[in-house]
Each structure stands twice: as structure tokens, then as C-alpha cells.
Amino acid sequence: MAVGLAVVLAAMAGAPAEQPRDTVALAVRGEPIRVERYGAAQERVWIESAAMGRVMAVDVLRGVGDGPLPTLYLLDGVDGKLVSDWLTKGRAAEFFADKPVDVVLPAGGAGSMYSDWEQPDRVLGWNRWETFLTEELPAVVEPYLNGDGRRAVGGVSMGAQAAMMLAHRHPGLYRSVAGISGCYSTTDAPGRAVTTMTVGSRGGNVENLWGPWGSPEWQAHDSLLNAEGLRGTAVYVSAATGVPGVLNLAEALTARDAVEAMGVAGGGISLEAGAHYCTERFAQRLNELQIPATVLYLPTGIHSWLDFAVQLEPAWRSIAAAFGTAPGK
């Protein structure tokens, strides 16, 4: 691939700051059109998406072990930057370094709910994330990784809500789904508010998402209403209380601007308290339907990456159990 095109693709999709050590061009349609390797275990893969109408970038963390491995799709929160916050803030590369799973981290989904939108948005553009994540991406990345066909999906905050949507809307596609600090309804008052706030916080018009509130698509994306679609899928959900812990206070007090940090923490307190309420309601609904789920409530913690990173370990243990594999060290 010509150097000029490589530069254009990198500018379109973003790339980790480290200079790639090896670059491989794969020109065959249906395979990645470009791969950049960042050490032995991390890669950035570019995939042509007809649904999205553009080249999409995903980061890949290669697992350890002989033979084909299962695949975990790990979704970002509302920021949806050009490199997933799971890598830049959530310490995912460090955590999964010794785990027997390939991890795929989509990039650039800010405010999108990782859903198929009904209309293009003036700010957020054209989004057909559900089609990309459930059809196009697995068909390309799993053969590339030599995956064994077992897959799971998980996410944090907006990504948690989206992961649960994808799982209930595509029964049997994933062996396991994990939601960290998410809200799983779209039609009750908190769920409507969270969805509207998520899209609006990044400048999007929520009516471009699933049409006017109350439309059939709003109901179809409600994991509380459609929880039956999760039967047979291993479900994990967790949330903290919103009460700051020692680590939260230490982080705020040692920040360069402690006053600003405390303000940010205040928002994190409210958001996590809301996520805790949403998680309780969702767990209650699963219990009513007698759908097994692993539910974890942390006594302290706010809506921050410091706390999301802590919740990654029990989420992975649930996913590994569904894969029937040892979780690693």
C-alpha cells in the first residue's frame, strides 16, 4: 500500500501514539485492508464497512495460548474516541496481556449508542454500528485472528447499554455479555433520559437515532422489555454506589487542578448512582424471568475509569466461565 494512502487512513481512523513496528497491507476484499502492529500483542486493523460507508479502525489485543482463541468485543463509553478509552484509561492492554482471549476494541463511536440510526445526523454523521459490529466486523476480524467461533461482548456506560442491546437483539451470537455501570432500558423515564443525554452530550439529535421517542425502535432496543432475548446467554452486570472511595478521593486531591477534579467527581457520583439504580432494575427483571445472571455491586466507586478498570476483572471471570476456559492469572 502506498505511503500516501497509509497516511490518509491513519488520519481518518486515528492511531495509537507509538510508532508502529511493522505494517502489513492486505488488499483482498473481505480481509482487513491494513494492519499495523504495535509490539507482539497489539494491532490496529482497518476494515472497509459498507454499512458505515467508510473505513473503520479497531484495535486488537492478541491473547495467549496455543491454537484458536475466543473473541471478546469490548465497547467504549460515550466519548468513543479514535482510540478506545479501554486502552488509554482502562488499562485493558495490561489486564489482558496474560489472558486466553483475543480482544477487539472498536474506535470512534462517540454518542452513537453503537446502534443503527434511522437518519444521518448533522454532527454525528452516518451510523450503522449494529450492522458493523454483528455482521461485518466478526466476518473479517475473526478469520484474521483465527478465532474459534466463541465470542462475547461487553462494555462500559454507553457501551454497556449497547452490549446488552446487541446481545438481546441477536440471541445466540454471543456466549456472554457484560455490562459495567450501564443503564438497560430505553423507554422508562431514567432510560429515556440517559439515552437522550448520551446522544445530546456529543451534539447529536436523538430523534435521528430511533425516530421520535415511543416509536417501535425505542421499544425494540430496550433490554428490560426484551430481556427474554438474553435467555441462554451468560449475563454479567455490575455497578458501584456512587460513593467516592479512597482511590477516588486520592485521585481528586492529587490532581493538577483539585477544584476541577472534584467537580468532575461530582458528576461521576450522580452518574454512577443512576447506573446503580438501572442495574438493580435490570437484575430484578432477569430474576423475574428466571434468567441467570452474575450481579456485582461495589460498595464504593463513581462513574470513572479508575473504577471501571476495577470492574473489568470480575466481568472477565464471568465471560471466561461462559467460554469454558481458565481466566488466566
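Every value quoted in this text rests on a predicted model; they were computed, and no experiment measured them.

Novice: Tell me about the overall build of the protein chain, residues and numbers included.
Specialist: Looking only at helices and strands, the protein chain has eleven helices and ten strands in total. The buried share of the protein chain, reckoned over its 329 residues, is 52%. Pairs at least 24 residues apart make up 72% of the contacts formed inside the protein chain by residues separated by at least 6 positions. Looking at the protein chain as shown, the accessible area adds up to about 13,800 Å², and 57% of this sits on carbon and sulfur atoms.

Novice: Which residues make up the side chain of Asp 121, and what values do they have?
Specialist: Turning to its location among the elements, Asp 121 is positioned in the loop between strand E6 (102-106) and helix H4 (129-145). The buried charged residue Asp 121 lacks any salt bridge partner; its closest oppositely charged side chain belongs to Arg 122, at an N-O distance of 6.6 Å. A polar atom in the side chain of Asp 121 sits 2.9 Å from the backbone nitrogen of Asn 205. The contacts of Asp 121, once residues within four sequence positions are left out, are Gly 203, Gly 204, Asn 205 and Asn 208.

Novice: Now, about helix H5 (residues 158-169): what can you tell me, with residues and values included?
Specialist: With twelve residues, H5 should reach 16 Å at 1.5 Å per residue; the first-to-last C-alpha distance of 16 Å fits that figure. Among the residues making up H5, those that are buried are Met 158, Gly 159, Ala 160, Gln 161, Ala 162, Ala 163, Met 164, Met 165, Leu 166, Ala 167 and His 168.

Novice: Describe in detail the state of the cysteines, supporting the description with residues and values.
Specialist: By the definition in use, this model includes one disulfide. Here Cys 183 engages in a disulfide with Cys 278; their sulfurs sit 2.0 Å apart. Torsion about the S-S bond of the Cys 183 and Cys 278 cystine: about -55°, corresponding to left-handed handedness. You can see Cys 183 sitting in the loop between strand E8 (176-180) and helix H6 (189-200) and its partner Cys 278 sitting in helix H10 (residues 258-288), a full 95 residues away along the chain. Across the pair, exposure class does not vary: Cys 183 and Cys 278 are buried alike.

Novice: Got a sec to walk through the confidence of the model for the protein chain? Specific residues and values, please.
Specialist: This prediction gives the protein chain a mean pLDDT of 87; 84% of its residues lie at or above 70. Across residues 1-29, where pLDDT falls below 50, the model places 53 contacts with residues more than four positions away in sequence or in other chains. Confidence over residues 257-265 falls short of pLDDT 50; this stretch has six contacts with residues more than four positions distant or in other chains.

Novice: Describe in detail the pairing of strand E5 (residues 71-75), supporting the description with residues and values.
Specialist: Counting buried positions along E5 yields five of five residues, so the element is predominantly enclosed. Relative to E6, E5 runs parallel, the two sharing three bridges. Residue pairing for E6: Tyr 73 is matched across the bridge by Val 104. In the sheet, E5 pairs with strand E7 (residues 151-156) via five bridges, with the strands oriented parallel. When the bridges of E7 are listed, Tyr 73 appears paired with Val 153.

Novice: Just give me the short version of the pairing of strand E4 (residues 54-61), but keep the residues and values in it.
Specialist: The buried fraction of E4 amounts to seven of the eight residues, a majority that puts the element mostly inside the structure. In this structure, strand E3 (residues 42-49) lies alongside E4, joined through eight bridges in antiparallel fashion. Counted as the bridge partner of Arg 44 is Asp 59 from E4. In textbook terms, the turn of a hairpin is the stretch between consecutive antiparallel strands, and for E3 and E4 this stretch comprises four residues, one of which, Gly 53, has a positive phi near 70°. Sheet topology places E4 next to E6; four bridges connect them, and they run antiparallel. Each residue of the ladder has a partner; that of Val 58, found in E6, is Pro 106.

Novice: Any chance you could break down the packing of aromatic side chains for me, citing the residues and the numbers?
Specialist: Considering all chains together, one arrives at eight aromatic pairs under this definition. Aromatic pair Trp 86 and Trp 305: ring centres 4.8 Å apart, planes at 85°, arrangement edge-to-face. Taken together, the residues span a long stretch of sequence, with Trp 86 in helix H2 (residues 85-88) and Trp 305 in helix H11 (residues 305-323) at a distance of 219 residues. The exposure class of Trp 86 is buried, given its relative accessible area of 0%. Taking NZ or CZ as reference, Lys 99 lies 4.2 Å from the ring centre of Phe 95, over its face. The lysine or arginine in question, Arg 192, covers the ring of Trp 213, its NZ or CZ lying 4.1 Å from the ring centre.

Novice: I'd like a description of unusual backbone geometry, backed by residues and values.
Specialist: For Arg 91, which is not a glycine, the phi torsion comes out positive at approximately 60°. For Arg 91, the location among the structural elements is in the loop between H2 and helix H3 (92-95). Judged by its relative accessible area of 42%, Arg 91 is partly exposed. Not every positive phi belongs to a glycine, and Ser 181 is a case in point at roughly 55°. Mapped onto the fold, Ser 181 is located in the loop between E8 and H6.

Parameters at a glance
Residues numbered from 1 in each chain as written. Predicted model: local features only at pLDDT ≥ 70, side-chain atom pairs only at ≥ 80, totals over all residues. Heavy atoms only, no water. Helix = DSSP H or I, 4+ residues; strand = E, 2+ residues; numbered from the N terminus. Buried < 20%, exposed > 50% of the residue type's maximum accessible area, 1.4 Å probe, protein only. Contact = heavy atoms within 4.5 Å. Areas by Shrake-Rupley, 256 points an atom, 1.4 Å probe, with all protein chains shown as cover. Lys, Arg positive; Asp, Glu negative; His and termini not counted. Salt bridge = Lys/Arg side-chain N within 4 Å of Asp/Glu carboxyl O. Polar contact = N/O pair within 3.5 Å; in protein donor to acceptor, adjacent residues only side chain to side chain. Expected span 1.5 Å × (residues − 1). Disulfide = S-S within 2.5 Å. pLDDT = per-residue confidence, 0-100. Pairing = 2+ DSSP bridges. Phe/Tyr/Trp six-rings, centres within 6.5 Å; stacked < 30°, edge-to-face > 60°. Lys NZ or Arg CZ within 6 Å of the ring centre and 35° of its normal.

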